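Notes for the structure review
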Amino acid sequence: MTPMKLNAEDSFGNASVLDVSYTHTPLIYVDVLDCHANRKSITVKSDKSAKLTVTVFSESGTKVLTIKGNVTNTTKQIELKNGSDEYRLKSQDRVRIEAQTTEGGKTYKTNPMDII
């Protein structure tokens, strides 16, 4: 990766260039193929096998449900259950998808993704 530099200039014309330290985070991509209101599951697919965390928040921002599981490069349906209780998505719920895996000594993560 090429070194990063930050160019700064104020309203008086004073300028400077600074080196910026940056550590590249390897990314894993997770596609959400099916996430709709009134559903009891979502469908996901990833470019790598990974541990997946799905968190559902209500319209007010209250955490309703957290599901942990695995995702692979094949399509997988994640049931929105807490024990035996099924949860049905509502129209203003926010679903947060996060995944992480380690491969070849590197830890791959998703950028946090929220679906409303």
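A brief structural summary. (Residues numbered from 1 in each chain as written. Predicted model: local features only at pLDDT ≥ 70, side-chain atom pairs only at ≥ 80, totals over all residues. Heavy atoms only, no water.)

Enumeration over the complete set of coordinates arrives at six salt bridges. We note a salt bridge from aspartate 114 to arginine 96, for which the minimum N-O separation is 2.9 Å. On the criterion of sequence distance, the pair formed by aspartate 114 in strand β12 (residues 113-115) and arginine 96 in strand β10 (residues 94-103) is long-range, its members being 18 residues apart. Look at aspartate 114 and you get partly exposed, because its relative accessible area is 35%. With a relative accessible area of 25%, arginine 96 lands in the partly exposed category. (Salt bridge = Lys/Arg side-chain N within 4 Å of Asp/Glu carboxyl O. Helix = DSSP H or I, 4+ residues; strand = E, 2+ residues; numbered from the N terminus. Buried < 20%, exposed > 50% of the residue type's maximum accessible area, 1.4 Å probe, protein only.)

Glancing now at a nonpolar patch on the surface. Together, Met4, Leu6, Leu18, Val20 and Tyr22 make up an exposed nonpolar region whose accessible area comes to about 460 Å². Position of tyrosine 22 relative to the elements: it lies in the loop between β2 (15-20) and β3 (30-34). Classification of tyrosine 22 by relative accessible area gives partly exposed; the value is 45%. (Patch = residues over 30% accessible without salt bridge, like charges linked within 9 Å, V, L, I, M, F, W, Y side chains within 5 Å. Areas by Shrake-Rupley, 256 points an atom, 1.4 Å probe, with all protein chains shown as cover.)

With that settled, consider the pairing of β10. Note: strand β5 (residues 50-57) against β10, seven bridges, orientation antiparallel. Counted as the bridge partner of threonine 55 is arginine 96 from β10. Of the strand pairs in this sheet, β10 and strand β11 (residues 106-109) are connected by four bridges, and their pairing is antiparallel. Residue pairing for β11: glutamate 103 is matched across the bridge by lysine 106. Here β10 hands over to β11 after two residues, with glycine 104 in that stretch at a positive phi of 60 degrees. (Pairing = 2+ DSSP bridges.)

This brings us to the sheet that holds strand β4 (residues 41-46). Working definition: the strands of a sheet are paired by backbone hydrogen bonds and lie parallel or antiparallel to each other. One open sheet holds the three strands; their spatial order is β3-β4-β7, and the pairing between them is antiparallel. The strands lining the two open edges of the sheet, one partner per strand, are β3 and β7 (76-79). Taking the axes of each pair of neighbouring strands and ignoring which way they run, one obtains an average angle of 35 degrees across the sheet. (Axes fitted to C-alpha atoms, helices over the stretch in contact; angles between N-to-C directions.)

As a further point, take unusual backbone geometry. The phi angle at asparagine 38 is positive, at roughly 75 degrees, despite the residue not being glycine. Assignment of secondary structure puts asparagine 38 in the loop between β3 and β4. Given the relative accessible area of 52%, asparagine 38 is considered exposed.

What is shown is where atoms sit, not what they do.
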